[in-house]
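Observations on the three-dimensional arrangement
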Amino acid sequence: MHIKECIVSAPGKAILHGEHAVVHGKVALAVSLNLRTYLQLQATSSSKVCINLPNINTFLSWDVTILKQLLSDSGAVLGVVDELDGELVKRLRDFVGVANGNLDTRSMAILAFLYIYITVFAGTGDLPSVTVSVWSELPTGAGLGSSAAYSVCLAAALLSASGTIPSPLTDLENTARWAEEDMELINRCAFQGERIIHGNPSGVDNAVGTWGGILRYHSGKITTLSRVPMLRILLTNTKVARSTKVLVAGVKDKMNKFPSIINPVLDSVDAISSTCEQTLSEMASDTPTPEHYDVLEELIDINQHQLNVMGVGHPAIDRLCGITLARGLHSKLTGAGGGGCGITLLRPETEHSVVLNTIQDLRDCGYDCWETRIGAAGVQQHSPLAVKEEVLEVLARY
Ligand SMILES: Nc1ncnc2c1ncn2[C@@H]1O[C@H](COP(=O)(O)OP(=O)(O)OP(=O)(O)O)[C@@H](O)[C@H]1O
Ligand SMILES: C[C@@](O)(CCO)CC(=O)[O-]
Ligand SMILES: [Mg+2]
């Protein structure tokens, strides 16, 4: 079979409001980041499937014949992308030697890769020899949607390589995006990768990885917010490791234990997202005022308290909030919480010295901290000419 080689990338994300509540049907607002995951797919004649994941120090290969055996035993078929094929996941777990409940970083990444590779190529009747190398600018497992960017890249590259979706690149451009219906397929396929890594994802992270921009996400309905002011955001990584899967399951346990206490909190988060959306829209249609920023800051503070009530806070995040507040800035965790990253809203008039001093205070705690740009493009295909040299260099090593 003819394999179309490609380089693709997808952005990470920050959730402004609605993490966790979105898993239970509430509204979330999320933005793409200018930090991306890159994937290079190459055809080989080695009769092997190789995966190189330098961010997590994982380099593996399998004989195609062994994977073909797995495929014929499982009877997996392409097209069943809306439901996770539990039987195939079980076979893959046995094949890779990963016990159910094992949340090890490498195991999750390998399972997600093999699952998407097999289901995508099952439809073509053949499993090709390929080498897939992934490199990300995102911290892994820190709340910035690294799992979704990884799954979106896998889906886009494997669907394109198999010819299931066309390659959008033409001779005239070095970076291109897929048509809407192709992106929908990429998003649905990536969602299965997220299911393997997260357990019960809402789909918001892979939607941002696919479409980019600033999105409202509600029970699978994705709306791009076109009227938004340019927000300045500081990102801080507390470097406290956590697992989205464990945190999402923890909130579900709390809901089951105390439904009458936790459900109103989720409703209240929903109202936070709606109020934020309305405020952003007012700011975009008029000149943003200090009063608008007062509202945004108060929403951030309330939402952070709600996340603590849900049990997904962490002392390292409380410390981040305290440090920024001492400089007059408001912060909350972003993503699944339990450590990981937080966002801090900067006002347009926030002085450069205040930003620099805040960044220094946070770095003194051992945190990484930087100002970020939001609203980056979603999944893209690139010619090598359009990829930063340092990224090409890493990808070329394998
Ligand atoms: N660059 C990468 N290479 C290989 N695997 C990756 C990479 N980035 C993420 N992953 C996979 O995603 C997992 C991290 O996903 P997890 O959902 O816990 O964190 P996150 O996506 O960064 O945060 P959040 O879901 O809160 O936004 C890792 O354990 C790994 O399996
Ligand atoms: C915690 C969560 O709401 C966001 C993780 O980035 C999980 C999800 O929506 O899948
Ligand atoms: Mg994730």
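On a predicted model such as this, the values are computed, not experimentally measured, just so you know. Per-chain numbering applies: the sequence of each chain, read as written, is numbered from 1 onward. For this description, chains carry letters from A and ligands carry numbers from 1, given in the order in which they are written. At least 70 in pLDDT is required for a residue's local features to be given in this predicted model, at least 80 for side-chain atom pairs to be given and counted, and no such filter applies to totals for whole chains, interfaces and linings, which use all residues. As a rule here, side-chain values come from all non-hydrogen atoms in the structure, and water together with hydrogens is ignored.

This part covers the pairing of strand 11 (residues 341-346). Three labels apply to residues, based on accessible area from a 1.4 Å probe with only protein chains included: buried if under 20% of the type maximum, exposed if over 50%, partly exposed otherwise in between. What counts as a helix is a DSSP run of H or I of at least four residues, what counts as a strand is a run of E of at least two, and both are numbered from the N terminus. Of all six residues that make up strand 11, six are buried, and the element is covered over most of its length. Note that strand 9 (residues 232-237) and strand 11 share six bridges and pair antiparallel. Along strand 11, the bridge assignment pairs I233 with L345. Inspection of the sheet shows strand 10 (residues 330-333) paired to strand 11 by four bridges, in the antiparallel sense. Two strands make a pair as long as DSSP finds a minimum of two bridges between them.

Turning next to the site of ligand 2. Inspection of the region around ligand 2 gives 14 residues, with K13, H20, P201, S202 and D205 positioned closest. Any pair of N or O atoms that falls within 3.5 Å is considered a polar contact. Within protein, one atom must be able to donate a hydrogen and the other to accept it, and sequence-neighbouring residues count only if both atoms are side-chain atoms. S202 is positioned with one of its side-chain polar atoms (N or O) 2.6 Å from an oxygen atom of ligand 2. In the environment of ligand 2, an oxygen atom lies 2.7 Å from a nitrogen or oxygen atom belonging to the side chain of D205. Mapped onto the shell around ligand 2, the elements with two or more residues apiece are strand 1 (6-17) and helix 6 (204-211). When residues are grouped by polarity, Ala, Val, Leu, Ile, Met, Phe, Trp, Tyr, Cys and Pro land in nonpolar, Asp, Glu, Lys and Arg in charged, and all others, Gly among them, in polar. Among the residues making up the shell around ligand 2, the classes are represented as seven nonpolar, four polar and three charged. Bear in mind that the domain bounds are from an automatic or database domain assignment. Both domains that furnish three or more residues to the shell around ligand 2 are identified here as domain 1 (6-227 + 376-396) and domain 2 (231-374). If a single non-hydrogen atom of a residue is within 4 Å of a molecule or strand, that residue counts as near it.

Sites may look incomplete, because water is not among the atoms used; the donor set itself consists of N, O and S atoms within 2.8 Å of the metal (3.2 Å for Na, K and Ca). Looking at the metal site, the magnesium ion (ligand 3) is ligated by S147 (OG) and H198 (NE2), spaced 2.1 to 2.2 Å from it. Of this pair, S147 sits in helix 4 (residues 146-161) while H198 sits in helix 5 (residues 180-198), placing them 51 residues apart in sequence. H198 matches S147 in its accessibility class, with the two residues each being buried.

Surrounding ligand 1, one finds 24 residues, the nearest of these being K13, T105, S146, H198 and R242. The side chain of S146 places a nitrogen or oxygen atom 2.7 Å from an oxygen atom of ligand 1. All accessibility values rest on the Shrake-Rupley procedure with a 1.4 Å probe; residue burial counts only the protein chains present in the view. Coverage of ligand 1 by the protein chains reaches 96% of its 630 Å² of free accessible surface. Sorting the residues of the shell around ligand 1 by element identifies helix 3 (105-122), helix 4 and helix 5 as the ones contributing at least two each. When the residues that make up the shell around ligand 1 are grouped by side-chain class, the tally is nine nonpolar, twelve polar and three charged. When residues of the shell around ligand 1 are assigned to domains, at least three fall in each of domain 1 (6-227 + 376-396) and domain 2 (231-374).

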